[in-house]
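Chain by chain, the residues run as shown.
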Amino acid sequence: MSGTFNIGEVAARSGVSARMVRHYEALGLLPAVARSETGYRKYGEREVHLLRFIRRARDLGFSMKEIADLLALWLAPDRASADVKQIALTHVADLERRISEMTAMKGALTLLADCCRGDDRPDCPILDGLAG
């Protein structure tokens, strides 16, 4: 099914909100599209595919810069898959670092919470721990 879609239709087809469609267009991730005589944006299947790509990349936690790089590679017929793999592996390393940091935060907070009686008394090891 092809044709021209308004922003609400392209949003529904791609799973991206209309607000985010405008945002991605403003960032340059989505090229500016033609407008109707009344000024409404006119999207096609190409934009639906681009938005789905962006949505899936966002779901995997890629940054806007990484998504821009991935989009450029996806659209380049002469791309090297090694370039794509490098972006993905760099992102995996970043995720591993963030998971490690969050695991440490969870451990520290759990330890503080375990030390707190949670009763009506004013002394609180959690607050003491935060105060340093």
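Residues numbered from 1 in each chain as written. Predicted model: local features only at pLDDT ≥ 70, side-chain atom pairs only at ≥ 80, totals over all residues. Heavy atoms only, no water.

Take the nonpolar core next. By size, the foremost hydrophobic cluster in this structure holds 23 residues, and its most contacted members are Val10 and Val21. When residues of this core are traced back to their parent elements, those giving at least two are α1 (7-14), α2 (18-27), α3 (45-59) and α4 (64-75). Top contributing element to this core by residue count: α3, with 6 residues. In this structure, Val10 is in contact with Phe5, Val21, Tyr43, Val48 and Leu51, ignoring residues within four places of it in sequence. (Core = buried A, V, L, I, M, F, W, Y, C linked by side-chain atoms within 4.5 Å. Buried < 20%, exposed > 50% of the residue type's maximum accessible area, 1.4 Å probe, protein only. Helix = DSSP H or I, 4+ residues; strand = E, 2+ residues; numbered from the N terminus. Contact = heavy atoms within 4.5 Å.)

Turning to its location among the elements, Ser63 is positioned in the loop between α3 and α4. Residue Ser63 is classed as partly exposed on the basis of its relative accessible area, which comes to 31%. For the pair Ser63 and His91, spaced 28 residues apart in sequence, the C-alpha separation works out to 8.9 Å.

An α-helical turn contains 3.6 residues, so any two residues separated by three or four positions project in the same direction. Within α1 the residues assigned to the buried category are Ile7, Val10, Ala11 and Ser14. The arc that holds the buried residues of α1, viewed along the axis, is 105 degrees, so those residues lie on one side. The inward-facing, buried residues of α1 contact α2 and α3. Where α1 terminates, the next one or two residues include Gly15, which has phi positive at roughly 80 degrees. (Arc of directions from axis to C-beta.)

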